Amino acid sequence: QVQLVESGGGLGQAGGSLRLSCTVSGYIYSTYCMGWFRQAPGKEREGVAGINTDSAQTYYADSVKGRFTISQDNAKKTVALQMNSLKPEDTAIYFCAASTVPCGTYYLPPEGRFGDWGLGTQVTVSS
């Protein structure tokens, strides 16, 4: 039994920072990528960042590159997303997810290849 729980969402201001975390409970066998996705109202869910659980290589969408940083603590079984230089367009529900497909610097598996998901946490950025 695997559970992913996001936390750290809330209200932020343009130019400010927020830090999201994802806590993994239970054993996840053969998980090679942990990812963060987001979905804004009326828009499709998109992948924003991923980290290879073995190599620690990271992936970022162009829209967040240089502003967001994904990290993992395997001992604590947590994955974090540090969001700096926030923009109003970052407003969305953010989801943590796990995949059996490896990710790397230039590749994040499509959302259909992520089998375990958290329920999401709301991030709202005001101008």
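Shown above is the structure to which this text applies.
Peer 1: Explain the overall build of the protein chain residue by residue, including any values.
Peer 2: Tallying secondary structure elements over the protein chain gives zero helices and 11 strands in all. Taken from N to C terminus, the helices and strands of the protein chain fall in the order β-β-β-β-β-β-β-β-β-β-β. The C-alpha atoms of the protein chain give a radius of gyration of 13 Å, which matches the 14 Å a tight globule of 127 residues would have. When its C-alpha atoms are laid out on the principal axes, the protein chain stretches across 40 × 30 × 30 Å. Here the protein chain displays about 6800 Å² of accessible surface, and carbon together with sulfur accounts for 49% of that area. Each charge sign in the protein chain was given a centre, from 10 positive and 10 negative side chains, and these centres are 3 Å apart.

Peer 1: Describe the sheet that holds strand β8 (residues 78-83), with residues and values.
Peer 2: The strand order across the open sheet built from four strands is β1-β3-β8-β7, with neighbouring strands paired in antiparallel fashion. Each edge of the open sheet carries a strand with a single partner, namely β1 (3-7) and β7 (68-73). Going across the sheet, the axis of each strand differs from the next one's by a mean of 15°, ignoring polarity. For β1 and strand β3 (residues 18-25), the ladder comprises five bridges, and the chain directions are antiparallel. Each residue of the ladder has a partner; that of S7, found in β3, is S21.

Reading guide: rules and limits
Residues numbered from 1 in each chain as written. Predicted model: local features only at pLDDT ≥ 70, side-chain atom pairs only at ≥ 80, totals over all residues. Heavy atoms only, no water. Helix = DSSP H or I, 4+ residues; strand = E, 2+ residues; numbered from the N terminus. Rg over C-alpha atoms; globule rule 2.2 N^0.38 Å. Areas by Shrake-Rupley, 256 points an atom, 1.4 Å probe, with all protein chains shown as cover. Lys, Arg positive; Asp, Glu negative; His and termini not counted. Charge placed at Lys NZ, Arg CZ, Asp CG, Glu CD. Pairing = 2+ DSSP bridges. Axes fitted to C-alpha atoms, helices over the stretch in contact; angles between N-to-C directions.

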